[in-house]
Amino acid sequence: MDSHEFTRLLDDHGGPLVLYARQWCDSPEDVVQEALLKLVAVQQPPRQVVAWLYRVVRNGAIDAARRSRRRQKRETVTLRPVHWFVEDQAEGLTAEAATEALQTLPVDQREVIVARLWGGLGFEEIAEVAGCSQSTAFRRYTAGIESLRKLL
Amino acid sequence: MNDNESLANRLSRLIPNRGAIDRDSLIFAAGRASAGKIRVWKGLVGSLAATQLLTLVFLWPRPVAPAAVGPSSLAGDRPAPIEWLPSDRPAPAASQPSEDSPFELARMQRELLANEKARLRGASNKTVVPHAMGALGGGISQRPPVREIFDEKMVPDAPPLRAFPVVVSNLLN
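This text gives an overview of the structure that appears in the document. (Residues numbered from 1 in each chain as written. Chains lettered and ligands numbered in written order. Predicted model: local features only at pLDDT ≥ 70, side-chain atom pairs only at ≥ 80, totals over all residues.)

**Focus on the overall build of chain A**
Selection rule: For helices the rule is a DSSP run of H or I covering at least 4 residues; for strands it is a run of E covering at least 2, with both sets numbered from the N terminus onward. Residue burial here comes from a neighbour count, namely the number of other C-beta atoms, placed from the backbone, that lie within 10 Å of the residue's own C-beta, with 20 or more meaning buried, 12 or fewer meaning exposed, and in between meaning partly exposed.
When helices and strands are counted, chain A shows seven helices and two strands. Scanning chain A from its N terminus toward the C terminus, one meets helices and strands in the order α-α-α-β-β-α-α-α-α. Put simply, chain A has 152 residues, and 37% of those count as buried.

Written as structure tokens, this is what we have:
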């Protein structure tokens, strides 16, 4: 993988990967950065780079969430306002409302929606990343969108 | 269903925030990670450094033991006289060259020449007594000594000034 391809990958999928990792952990940037560095360090590049990145980010985010939960038991967490999106609103939809609505969804539905809407993955890739069947992924996506429509 | 698709389109218009990812530092870290973990050059550099260190240790000038200062060393400002060894006396064992060395061969050749010369001189002092003269006996001990071989002239001083053969010159005389 050359530098141009890596830069394009970072520009196109950096934000969605961070949003995807944010569904589990509080430090999604570190998880995404580690995943990108893993991608560069592997000897044989994966066939589906984006799907591979989402899978690595998912595993890293889940591990980071476990570590974070253990740490939160010992420390007092100072919550900072985290903006999930760059713009405040788009097409009459505010970012804050979208964030709050997404946070209400179960994590398995959020995962599929983020991977589908912002990651651009197909349901086959989502099923592979999430470790479920393709129909299950589609069902989670549909249920999640239906819940968001009611909330928004 | 259409409402769900339109909501999905509206949601996808929102651009996810990349957060605190530093793009430049991440690209730099990726470049370092892509370099691989080849440690051959580290071993090579280590071995070269070790050989350099060994070379330095072996070639380091060792301190010379100071010479004892005494009357002999003070008097030794003058150069020591050179003692020439006679050729017939064997040289000290420490400085004696091997028989194959050109110096030893030259020395042996000189010794042989000197011995031969001495032998010839001894032979020239003796009288040569032919057998016939010896058979007559008496009075032959006063014969002149044989000329030394080194004084003998193999070529006459001047060539004979004769333009004719011997027969013709006898007729003329």
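**Here we look at the packing of helix α7 (residues 134–151) of chain A against helix α1 (residues 2–13) of chain B**
What counts is decided by this rule: Where helices are involved, their axes are fitted lines through C-alpha atoms of the stretch in contact, as for all axes, and angles between N-to-C directions lie from 0 to 180°. Small angles under 35 degrees read as roughly parallel and large ones over 145 as roughly antiparallel, with 65 to 115 read as roughly perpendicular and the rest as oblique. We call two residues in contact if the C-beta atoms placed from their backbones are at most 7 Å apart. Throughout this entry, Asp, Glu, Lys and Arg are counted as charged residues, while Ala, Val, Leu, Ile, Met, Phe, Trp, Tyr, Cys and Pro are counted as nonpolar. The remaining residues, Gly among them, count as polar.
The contact between α7(A) and α1(B) brings their axes to 10 Å, and the two run at 80 degrees. Comparing the axis directions of α7(A) and α1(B) gives the class roughly perpendicular. Of the residues in α1(B), those in contact with A:Ile145, A:Glu146, A:Leu148 and A:Arg149 of α7(A) are B:Asp3, B:Asn4, B:Leu7 and B:Ala8. A class-by-class count of the residues in the contact of α7(A) with α1(B) yields four nonpolar, one polar and three charged.

**Quick word on the packing of helix α5 (residues 107–117) of chain A against helix α6 (residues 123–130) of chain A**
Residue and element names in this part refer to chain A. Using the following cut-off: Crossing handedness: left-handed means the near helix sits turned counterclockwise from the far one by under a right angle, and right-handed means the same turn made clockwise.
Where α5 meets α6, the closest approach of the two axes is 10 Å, and the angle between their N-to-C directions is 135 degrees. When the axes of α5 and α6 are compared, the pair comes out oblique. As for the relative orientation of α5 and α6, their crossing is right-handed in sense. Residues Glu111, Val112, Ala115 and Arg116 of α5 lie in contact with α6, whose contacting residues are Ile126, Val129 and Ala130. Among the residues making up the contact of α5 with α6, the classes are represented as five nonpolar, no polar and two charged.

**Comments concerning the interface of chain A and chain B**
The extent of an interface is frequently quoted as the accessible surface area lost upon association of the parts. With 33 residues of chain A in contact, the opposing surface of chain B contributes 23 residues. Those elements giving two or more residues to the side of chain A that touches chain B turn out to be α1 (3–21), α2 (28–41), α4 (95–104) and α7 of chain A.

**Quick look at α7(A)**
Applied cut-off: To estimate the expected span of a helix, subtract one from its residue number and multiply by 1.5 Å. Throughout, the arc means that of the directions going from the helix axis to the C-beta atoms.
Helix length check: α7(A) (18 residues) gives 26 Å between terminal C-alpha atoms against 26 Å at 1.5 Å per residue, within 8%. Taken together, the buried positions of α7(A) are A:Ala137, A:Arg140, A:Tyr141, A:Gly144, A:Ile145 and A:Leu148. Looking straight down α7(A), one finds that the buried residues subtend no more than 130 degrees of arc, so they occupy a single side. The exposed residues of α7(A) that point more than 90 degrees off its buried face are A:Ser135 and A:Lys150. Looking at the buried residues of α7(A), the elements they touch are α4, α5 and α6 of chain A together with α1 of chain B.

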